[in-house]
Amino acid sequence: MATTSTTGSTLLQPLSNAVQLPIDQVNFVVCQLFALLAAIWFRTYLHSSKTSSFIRHVVATLLGLYLALFCFGWYALHFLVQSGISYCIMIIIGVENTHNPMMIITQKITSLAYEIHDGMFRKDEELTPSQRDLAVRRMPSLLEYLSYNCNFMGILAGPLCSYKDYITFIEGRSYHVTQSGENGNEELHYERTEPSPNVAVIQKLLVCALSLLFHLTISNTLPVEYNIDEHFQATASWPTKVIYLYVSLLAARPKYYFAWTLADAINNAAGFGFRGYDRNGEARWDLISNLRIQQIEMSTSFKVFLDNWNIQTALWLKRVCYERASLSPTIQTFVLSAIWHGVYPGYYLTFLTGVVMTLAARAVRNNVRHYFLEPPQLKLLYDVITWIVTQIAISYTVVPFVLLSIKPSFMFYSSWYYCLHIVGILLLLLLPVKKTQRGKNTHENVQLSRSKKFDERENSLGQNSFPTTNNVCSQNQEVASRHSSLKQ
């Protein structure tokens, strides 16, 4: 019989017993499927062209709180109390003082706190292009604040979005186009036909179905815990240990693919997540997507893996920590990520190991990669080798994240003789490391400016990209990635 330990509703206990899954997992999946249907209804009957922003805010908030209540019971009050207290702090203490006290609360609260601070209490010339575009210039109303934090589309599994993108969606301005007039001064505002998200939603639901099937049929047969099984450690050869490490961590990923892709599909079904059109004129519904599966599984560097895994959290860490840290931004960002995830020691071991792996991988790429760019056969060999090393290093790093406790985590690392830790530290000691320079951001900003000008030229040809606030951050990230690959 499945576990009945939950503070939420037990209405679905018979279903939980039938499928032999914990009631809290069943509640989560059923509520997300309900949210998907609610999103379709929301887009159809409460479209911004038919309904006021006030009604859309109210419905999104009430549905979100109901889903939280169903899943978590009285624990759902945490969402309301946390949002309410944070809002009161901004009103009573003043918005100019809210960006630091909220550093370790939730993503949305800290993001919005910084966005308000940037928009109302910093000069534009002090901001990066992404900060300038994300900046919130007025204090949100309580309803807007609650709707942003507690809407039914993202209350259970996110993903994080910027406040400006969410308000743009609620007010129905996601498809408005602005172009310069003939004299170059006046601006013309018009609305282009709203693209349907149906194809994107169906594709993402297919990914969800395959991920769930893989998780239910294969993942349970390849437990990560088997890596520390005494018999396995005593009898398995090193190639077997390496292969099983990779396969077991590969099998652990589909549950994340399922949860994050379903959350993305729910937002898209409500009409949220449109990012513009690609060069072929196809609508892009990846504004708030949280992962890119192909890039994750084919990543040839630690950075590429992290850039495509839990994307919105990576952007959040970049915005609230990395871009603002004056000392050791990489280390501070990993520590903040560990704190945000929770109190399990395994989280801290994973992220501290991640610091070593990230810096070591950066040193290797800076010092070695340029020797393997030509001819193509040599570049292919380099890519194959770096893919193998990256996948093993990622798997080695995240084992404590799955095991959670300190003792089994150290059992695993000791069974591997801490070999990748030692290799990483030796690489950092032996290879010259190029320090990250703030001036590099200026270069990237110039590149971003060129990228935006290119988009404007596309707009004049009729392929408008409908720029949103996350668009600028995503472009910045893509430009930085391209620049980094050329440099390294």
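Here, the structure is the one placed above.
What this report covers is the structure whose coordinates are included nearby. (Residues numbered from 1 in each chain as written. Predicted model: local features only at pLDDT ≥ 70, side-chain atom pairs only at ≥ 80, totals over all residues. Heavy atoms only, no water.)

Okay, the overall build of the chain next. Broken down by element type, the chain carries 22 helices and four strands. Out of the 488 residues in the chain, the part that is buried amounts to 48%. In the chain, once contacts between residues fewer than 6 apart in sequence are set aside, the share between residues at least 24 apart is 66%. Counting only carbon and sulfur atoms, one obtains 64% of the accessible surface of the chain, whose full area is about 24,100 Å². (Helix = DSSP H or I, 4+ residues; strand = E, 2+ residues; numbered from the N terminus. Buried < 20%, exposed > 50% of the residue type's maximum accessible area, 1.4 Å probe, protein only. Contact = heavy atoms within 4.5 Å. Areas by Shrake-Rupley, 256 points an atom, 1.4 Å probe, with all protein chains shown as cover.)

With that settled, consider the nonpolar core. Grouped together as the largest cluster of nonpolar side chains are 54 residues, with contacts concentrated most on Phe42, Phe152, Tyr166 and Phe169. For this core, the element with the highest residue contribution is helix H2 (residues 23-45), accounting for eight residues. Discounting residues that sit within four places of it in the chain, phenylalanine 169 has contacts with Phe42, Arg56, Met153, Ser174, Ala270, Gly271 and Phe272. (Core = buried A, V, L, I, M, F, W, Y, C linked by side-chain atoms within 4.5 Å.)

A separate point is the state of the cysteines. Evaluated as defined, the whole model comprises zero disulfides. Of all cysteine sulfurs in the structure, the one in cysteine 71 sits closest to cysteine 31, which takes part in no disulfide; the separation is 3.6 Å. (Disulfide = S-S within 2.5 Å.)

Next up on the list: the environment of lysine 108. Mapped onto the elements of the fold, lysine 108 is located in helix H5 (residues 107-121). With a relative accessible area of 11%, lysine 108 lands in the buried category. Taking the C-alpha atoms as reference, lysine 108 lies 8.0 Å from tyrosine 163; in sequence the two are 55 residues apart. Leaving out residues up to four positions away in the same chain, lysine 108 has contacts with Tyr148, Asn149, Asn151 and Leu160. One polar contact links the side chain of lysine 108 to the main-chain carbonyl oxygen of tyrosine 148, over a distance of 2.8 Å. (Polar contact = N/O pair within 3.5 Å; in protein donor to acceptor, adjacent residues only side chain to side chain.)

Moving on: helix H11 (residues 238-252). Spanning 15 residues, H11 covers 21 Å between terminal C-alpha atoms, matching the ideal 21 Å at 1.5 Å per step. Regarding H11, the residues found buried are Lys241, Tyr244, Leu245, Ser248, Leu249, Ala251 and Ala252. Viewed along the axis of H11, the buried residues span an arc of 155°, placing them on a single side of the element. Opposite its buried face, H11 presents the exposed residues Pro239 and Ile243, each directed more than 90 degrees away. Among the structural elements, helix H9 (198-217), helix H10 (230-235), helix H12 (254-269), helix H18 (376-403) and helix H19 (406-415) are those in contact with the buried residues of H11. (Expected span 1.5 Å × (residues − 1). Arc of directions from axis to C-beta.)

Here asparagine 267 lies in helix H12. Once residues within four sequence positions are removed from consideration, asparagine 267 is found in contact with Met153, Gly158, Pro159, Phe272 and Ile288.

This part is about the packing of aromatic side chains. This structure, assessed with the given rule, holds 33 aromatic pairs. Look at tyrosine 166 and phenylalanine 272: their rings are 6.2 Å apart centre to centre, the planes differ by 75°, and that puts the pair in the edge-to-face class. Of the two residues, tyrosine 166 sits in helix H8 (residues 163-170) while phenylalanine 272 sits in the loop between H12 and strand E3 (276-277), which places them 106 residues apart along the sequence. Taken individually, tyrosine 166 and phenylalanine 272 each receive the classification buried, so the pair is uniform in this respect. When the centroid spacing of 4.8 Å and the interplanar angle of 45° are considered together, the rings of tyrosine 226 and phenylalanine 232 count as tilted. A relative accessible area of 6% places phenylalanine 232 in the buried class. Through a chain of ring-to-ring contacts, the aromatic side chains of Phe42, Tyr148, Phe152, Tyr163, Tyr166, Phe169 and Phe272 assemble into a single cluster. Just above the ring of phenylalanine 169 sits the side chain of arginine 56; from NZ or CZ to the centre is 5.0 Å. (Phe/Tyr/Trp six-rings, centres within 6.5 Å; stacked < 30°, edge-to-face > 60°. Lys NZ or Arg CZ within 6 Å of the ring centre and 35° of its normal.)

Moving on, we get to the pattern of salt bridges. Here the structure, examined in full by the defined rule, presents twelve salt bridges. Across the salt bridge formed by glutamate 126 and arginine 122, the nearest N and O atoms sit 3.8 Å from each other. Residue classification places arginine 122 among the partly exposed positions, given a relative accessible area of 24%. Aspartate 383 is the salt-bridge partner of lysine 379, the closest N and O atoms lying 2.8 Å from each other. A residue pair is termed a helical-turn pair when its members lie 3 or 4 positions apart in one helix, as lysine 379 and aspartate 383 do in helix H18 at four residues. Through salt bridges with shared partners, a single ionic network connects Asp118, Arg122, Glu126 and Arg324. (Salt bridge = Lys/Arg side-chain N within 4 Å of Asp/Glu carboxyl O.)

Spatial relationships are all this shows, so hold off on functional conclusions.
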